[in-house]
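Survey of secondary and tertiary structure
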Amino acid sequence: MRKRIFNNFKTLLSSASNNIFHVNKLHSYPNFTKNVYQVNRGPYKSLEEHHLTFFRDVLGENGMIVDLCDLEKYNVDFTKQLRGCSTLVLRPTTTQQISKILSFCNHNHLAVCTQGGNTGICGGATPVFDEVILSTELMNKVIHLDELSGVLTCEAGCVLQQLNDFLVERDLMMPIDLGAKGSCQIGGNLSTNAGGIRLYRYGNLHGNVLGLEVVKADGEVLDCMNTLKKDNTGYHLQHLFIGSEGTLGIITKVAIQCAPKPKSVHLLFLGAQNFTKVLKAYKKARYDLGEIISAVECMDHQTMELVEEHSELSSPIGPYPFYLIIETSGSESVHDQKKLEGYFNGCMDKHFILNGVVATSAAQREKLWSIREGIAHSMYQDGYVFSYDISLPFSSYYDFVTEMREYMGKKAHRVFGFGHLGDGNIHLQISIKEFSNEILNYIEPHIYNRVDELHGSISAEHGIGFLKRKYLPKIKSSENLSTMRKLKMLMDPKGILNPYKVL
Ligand code: FAD
Ligand code: ZN
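This section reports on the structure supplied with the text. (Residues numbered from 1 in each chain as written. Chains lettered and ligands numbered in written order. Predicted model: local features only at pLDDT ≥ 70, side-chain atom pairs only at ≥ 80, totals over all residues. Heavy atoms only, no water.)

**A few points about the overall build of the protein**
Within the protein one finds 19 helices and 18 strands. The globule rule puts the C-alpha radius of gyration for 503 residues at 23 Å, and the 23 Å found for the protein is close to it. With respect to the three principal axes, the spread of C-alpha positions in the protein is 75 × 55 × 45 Å. Buried residues in the protein amount to 56% of all 503 residues. Pairs at least 24 residues apart make up 76% of the contacts formed inside the protein by residues separated by at least 6 positions. Working note: accessible area of the protein is about 21,300 Å², and carbon and sulfur atoms make up 51% of it. The centroid of the 52 positive side-chain charges in the protein is displaced by 4 Å from the centroid of its 53 negative side-chain charges. (Helix = DSSP H or I, 4+ residues; strand = E, 2+ residues; numbered from the N terminus. Rg over C-alpha atoms; globule rule 2.2 N^0.38 Å. Buried < 20%, exposed > 50% of the residue type's maximum accessible area, 1.4 Å probe, protein only. Contact = heavy atoms within 4.5 Å. Areas by Shrake-Rupley, 256 points an atom, 1.4 Å probe, with all protein chains shown as cover. Lys, Arg positive; Asp, Glu negative; His and termini not counted. Charge placed at Lys NZ, Arg CZ, Asp CG, Glu CD.)

Here you go:
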């Protein structure tokens with residue numbers, strides 16, 4: 001078995017993902033969120049003709065979408081599980097336009113839902129009622145790149161993949177990478193404090209973002225466009241907006257520290273007998289591969305079965321109970337390969353792993369990553385998916401998936417887990433044939449209570465959005481919550497920004 005590595009990369013993966021996800025049309029459009037979740041509409045004004053006249057004056061006819069068919073893709077979330085009933089999308093191209101729009105909405109008490117790439121999976125990006133949708137999709141210009149410091153300045157609507165492509169041509173890359181990169185925008189990434197596969201190496205966005213420009217609810221433009229690595233002059237206001245999910249202001253520009261493109265990248269795809277062995281192999285990787293590790297992901301065999309069932313992809317090493325994916329990024333290929341070989345042989349000798357392959361070329365790596373990135377695409381073809389994005393201590397990281405599988409019994413079609421092992425973040429998924437309130441009530445709040453008991457987090461990277469907001473009071477202390485509410489009151493006293501979300 002061992003000889004397969006380094007000299008026998010199998011090309012079983014036939015279709016590389018294009019990273020732009022279209023959820024399968026198996027599901028018809030969902031019922032309106034307001035009905036399914038029985039939410040009461042806030043005291044906001046409804047749109048009137050004179051509001052539309054104002055928006056038309058600011059944006060012109062092309063900057064607005066009012067056609068109900070065209071509106072649908074903005075009203076329905078990525079998972080096709082939530083649906084708002086907005087009748088207006090605004091598509092500004094400048095900060096000044098956003099400033100005018102928010103000042104007007106604030107004055108007229110019109111609620112606003114900011115939307116980036118609409119790939120969020122906790123219902124933050126779609127309206128619940130008839131909020132005006134403010135899409136940043138036309139604010140997609142790179143403003144400046146300092147190739148020496150690696151600081152990129154751009155507008156909030158730039159698509160992550162496009163930014164990365166732009167940087168790669170200049171031997172740099174974004175410090176963040178995630179499966180939705182073909183659609184998600186940097187403004188959305190910051191607003192959700194997105195994680196993804198590069199967090200292990202480059203840390204979370206709080207560490208990479210140097211500056212932001214934000215429009216406040218009253219239209220005031222807050223210029224925090226710092227591009228220095230070190231600047232301790234007063235409160236770091238830009239951090240307030242990272243992870244604030246569109247509830248405190250609209251991010252319009254970003255200055256972000258980018259990383260040099262590594263000269264040598266390898267990807268190991270390993271099979272293991274059980275999760276204890278996965279952890280042993282992970283621990284060994286931390287010591288043996290140390291400074292060159294750039295990502296550590298895992299998935300169980302149920303996840304692989306799902307991908308194999310709904311795509312043309314398959315395991316490059318055959319079936320194993322667990323898979324561990326380790327990416328290394330260094331500056332000298334011979335050095336890195338020697339380390340990888342030593343690591344692999346050591347893991348085999350100790351029986352931490354049963355098999356593995358290494359991808360050395362970019363094409364091979366892309367094919368292997370497409371298995372991991374193809375999970376989301378396959379998942380939503382499996383039926384209705386209850387998706388949980390949790391952080392857990394390693395002691396309960398996978399045990400919790402097993403526990404939930406037992407808890408669900410025959411009620412679930414499939415219970416599976418995959419995730420960013422190196423960051424202690426697992427995506428636990430429960431798929432059933434069709435949405436049912438009965439099953440929802442069976443899973444929640446049980447699952448959140450258990451995560452809390454296990455000292456985990458109910459949102460490792462996707463945020464609170466609409467779907468998890470009612471659980472926030474259960475996991476945050478009253479002091480935490482009241483400070484959050486005071487901040488919200490300070491930034492958006494009329495509550496026009498993304499109502500029904502987070503708080
Ligand atoms: P949207 O979904 O449009 O919005 C998300 C939230 O941010 C909303 O609350 C919205 O109001 C707010 N918002 C958007 N733009 C702005 C702005 N300019 N100013 C203020 N508020 C704004 N997430 C991860 O963290 N890690 C992953 O590995 C990951 N993988 C994914 C894989 C797939 C296939 C999919 C579909 C999603 C994945 N996600 C992941 C979730 C999602 O892609 C991220 O949350 C992403 O950051 C959302 O960006 P977006 O532009 O689509 O934002
Ligand atoms: Zn993730």
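**Side note on the coordination of the zinc ion (ligand 2)**
For a metal with four tetrahedral donors the ideal donor-metal-donor angle is 109.5 degrees, while six octahedral donors give ideal angles of 90 or 180 degrees. Distances from the zinc ion (ligand 2) to its protein donors, His-420 (NE2), His-427 (NE2) and Glu-461 (OE), fall at 1.8 to 2.1 Å. Each donor residue of the zinc ion (ligand 2) lies on one chain, and together they are spaced H-x6-H-x33-E. Of this pair, His-427 sits in strand β18 (residues 425-432) while Glu-461 sits in the loop between α17 (446-453) and α18 (472-475), and the two are 34 residues apart along the sequence. Across this residue pair, the class does not change: His-427 and Glu-461 are buried. (Donors = N, O, S within 2.8 Å, 3.2 Å for Na, K, Ca; no water.)

**Looking at the sheet that holds strand β3 (residues 112-115)**
The four strands are arranged β1-β2-β4-β3 in an open sheet whose pairing can be described as mixed. Of all strands in the sheet, those bounded by a partner on one side alone are β1 (64-65) and β3. (Pairing = 2+ DSSP bridges.)

**Some remarks on the site of ligand 1**
Taken together, 37 residues lie around ligand 1, and Thr-114, Gly-116, Gly-117, Thr-119 and Gly-120 are the ones closest in. Here Asn-118 contributes a backbone N or O atom positioned 2.8 Å from an oxygen atom of ligand 1. Gly-246 has a polar backbone atom sitting 3.5 Å from a nitrogen atom of ligand 1. Of all the secondary structure elements, the ones that give two or more residues to the shell around ligand 1 are β3, α7 (186-192) and β10 (250-257). With five residues, α7 is the largest single contributor of residues to the shell around ligand 1. Residues belonging to the shell around ligand 1 are distributed by class as follows: twelve nonpolar, 23 polar and two charged. (Near = heavy atom within 4 Å. Polar contact = N/O pair within 3.5 Å; in protein donor to acceptor, adjacent residues only side chain to side chain. Nonpolar A, V, L, I, M, F, W, Y, C, P; charged D, E, K, R; others polar.)

**Some thoughts on the sheet that holds strand β13 (residues 293-300)**
The seven strands are arranged β15-β12-β14-β13-β17-β18-β16 in an open sheet whose pairing can be described as antiparallel. Both outer strands of the open sheet, β15 (355-359) and β16 (384-391), are each paired with one neighbouring strand and no more. Within the sheet, the average angular offset between the axes of one strand and its neighbour, ignoring direction, is 15°. Sheet topology places strand β12 (residues 264-272) next to strand β14 (residues 322-330); nine bridges connect them, and they run antiparallel. The residue bridging Leu-267 from the neighbouring strand is Glu-327, located in β14. Against the sheet, helix α15 (residues 399-408) engages β13, β16, β17 (414-420) and β18, with an angle of about 165° to β17. (Axes fitted to C-alpha atoms, helices over the stretch in contact; angles between N-to-C directions.)

**A look at the pattern of salt bridges**
Opposite charge on two side chains makes pairing possible when the charged atoms of those side chains draw close. In total, this model carries 21 salt bridges according to the counting rule given. Here Glu-309 and Arg-414 are joined by a salt bridge, their closest N and O atoms 3.2 Å apart. With Glu-309 in helix α12 (residues 301-310) and Arg-414 in strand β17, this pair connects stretches of sequence that are 105 residues apart. Assessed through its relative accessible area of 9%, Arg-414 is described here as buried. The residue Glu-403 makes a salt bridge to Arg-450 at a minimum N-O spacing of 2.6 Å. Pair noted here: Glu-403 is in helix α15 and Arg-450 is in helix α17, with a separation of 47 residues, a long-range link. (Salt bridge = Lys/Arg side-chain N within 4 Å of Asp/Glu carboxyl O.)

**Quick word on the pairing of strand β5 (residues 142-146)**
Judged from the four bridges that link them, β5 and strand β6 (residues 151-155) form a sheet pairing that is antiparallel. Directly across from Leu-145, in β6, lies its bridge partner Leu-152. Linking β5 back to β6 in an antiparallel pair, the connection comprises four residues, with Gly-150 at a positive phi of about 80°.

**A short note on the packing of α15 against α17**
Relative orientation of the contacting elements α15 and α17 amounts to 150°, with a least axis distance of 12 Å. Accordingly, the angle class assigned to the pair α15 and α17 is roughly antiparallel. The element α15 and its partner α17 pack so that their crossing is right-handed. Facing Phe-400, Glu-403, Met-404 and Tyr-407 of α15, the residues of α17 in contact are His-446, Ile-447, Arg-450 and Val-451. Of the residues in the contact of α15 with α17, the class split is five nonpolar, one polar and two charged. (Parallel < 35°, antiparallel > 145°, perpendicular 65-115°, else oblique. Left-handed = near helix turned anticlockwise from the far one by under 90°.)

**Regarding the packing of aromatic side chains**
To describe a pair of aromatic rings, one takes the distance between the centres and the angle between the planes. Summed over all chains, the structure comprises 21 aromatic pairs. Relative to Phe-104, the ring of Phe-55 lies with its centre 5.4 Å away and its plane at 80°, an arrangement referred to as edge-to-face. Of the two residues, Phe-55 sits in helix α3 (residues 49-59) while Phe-104 sits in helix α5 (residues 95-108), which places them 49 residues apart along the sequence. Here Phe-55 and Phe-104 have matching classes, each one buried. Each member of the aromatic cluster is reached from another via a ring pair, and the members are Phe-275, Tyr-282, Phe-322, Phe-394, Tyr-397 and Tyr-398. Above the plane of the ring of Phe-166 lies Arg-170, whose end atom (NZ or CZ) is 3.9 Å from the centre. (Phe/Tyr/Trp six-rings, centres within 6.5 Å; stacked < 30°, edge-to-face > 60°. Lys NZ or Arg CZ within 6 Å of the ring centre and 35° of its normal.)

**With respect to unusual backbone geometry**
Here the amide bond leading from Glu-444 into Pro-445 is cis, since omega sits at 5°, within 30 degrees of zero. Along the chain, Pro-445 turns up in the loop between α16 (437-443) and α17. In this structure, Asn-118 takes a positive phi of about 55° despite not being glycine. With respect to the helices, strands and loops of the structure, Asn-118 is situated in the loop between β3 and β4 (132-135). With relative accessibility at 11%, the residue Asn-118 sits in the buried group.

**Points about the pairing of β3**
With burial as the criterion, each face of β3 is covered, one bearing Val-112 and Thr-114 and the other bearing Cys-113 and Gln-115. As paired strands, β3 and β4 are joined by four bridges and run parallel to one another. Each residue of the ladder has a partner; that of Thr-114, found in β4, is Leu-134.

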